[in-house]
Amino acid sequence: MPIIVSLDVMLARRKMRSKELAERIGITEQNVSLLKSGKVKGVRFDTLARICEVLNCQPGDILEYRGETDDLIVPSAVRA
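Residues numbered from 1 in each chain as written. Predicted model: local features only at pLDDT ≥ 70, side-chain atom pairs only at ≥ 80, totals over all residues. Heavy atoms only, no water.

A. Representation of the pattern of salt bridges within the structure. Within the structure shown, the criterion is met by three salt bridges. The residue Glu20 makes a salt bridge to Arg24 at a minimum N-O spacing of 3.3 Å. Highlighted residues: Glu20 and Arg24, both in helix H2 (residues 18–25), separated by four residues, approximately one helical turn. With a shortest N-O distance of 3.3 Å, Glu64 and Arg66 are connected by a salt bridge. Overall, Arg66 belongs to the partly exposed group, its relative accessible area being 36%. (Salt bridge = Lys/Arg side-chain N within 4 Å of Asp/Glu carboxyl O. Helix = DSSP H or I, 4+ residues; strand = E, 2+ residues; numbered from the N terminus. Buried < 20%, exposed > 50% of the residue type's maximum accessible area, 1.4 Å probe, protein only.)

B. Seen up close, unusual backbone geometry. At Lys15, a position not held by glycine, the phi torsion is positive, near 55°. Structurally, Lys15 is set in the loop between helix H1 (7–13) and H2. Judged by relative accessible area, which is 75%, Lys15 ranks as exposed.

C. Main features of the nonpolar core. One finds Leu7, Leu21, Ile51, Leu55 and Ile62 to be the most contacted residues of the largest nonpolar core, which totals 17 residues. Counting residues per element, this core draws most heavily on helix H4 (residues 45–55), which supplies five residues. If near-sequence neighbours (up to four positions away) are discounted, Leu21 is found in contact with Leu7, Leu11, Met16, Val32, Val54 and Leu55. (Core = buried A, V, L, I, M, F, W, Y, C linked by side-chain atoms within 4.5 Å. Contact = heavy atoms within 4.5 Å.)

D. Summary view of the packing of H2 against H4. For the pair H2 and H4, the least separation of the axes is 10 Å and the interaxial angle reads 120°. With respect to H4, the element H2 is oriented oblique. The interaxial crossing formed by H2 with H4 has right-handed handedness. Listed contacts from H4 to Leu21, Arg24 and Ile25 of H2 are Arg50, Ile51, Val54 and Leu55. In terms of residue class, the contact of H2 with H4 is made up of five nonpolar, no polar and two charged. (Axes fitted to C-alpha atoms, helices over the stretch in contact; angles between N-to-C directions. Parallel < 35°, antiparallel > 145°, perpendicular 65-115°, else oblique. Left-handed = near helix turned anticlockwise from the far one by under 90°. Nonpolar A, V, L, I, M, F, W, Y, C, P; charged D, E, K, R; others polar.)

E. Representation of the environment of Lys41. Relative to the assigned elements, Lys41 resides in the loop between helix H3 (29–37) and H4. In sequence terms Lys41 and Ile3 are 38 residues apart; their C-alpha atoms lie 9.9 Å from each other.

F. Region of the structure containing the side chain of Ser6. Structurally, the position occupied by Ser6 is in the loop between strand E1 (3–5) and H1. If we skip the residues at most four places from it in the chain, Ser6 touches Asp61 and Ile62.

G. The arrangement of the environment of Gly26 in detail. Mapped onto the fold, Gly26 is located in the loop between H2 and H3. According to the relative accessible area criterion, Gly26 is exposed, its value standing at 60%. Separated by 21 residues in the primary sequence, Gly26 and Thr47 place their C-alpha atoms 8.7 Å from one another.

What follows is the structure, given as structure tokens:
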């Protein structure tokens, strides 16, 4: 998946457990777990906003776009 979710990293930085985040943003712990694993197809903007508010972060701190070609090495002859 080209979108990488780093929610677990931000939770660790803030020394917060998934259970506490779930309680503070009003979703189930199961849904937080699904978000952390990246096994969701989408997230509502209001949920994302609540996560960012509680964790005092920006959406870019927990979401990253990584294109499929980012992992490929392009030979210098092709770049020219």
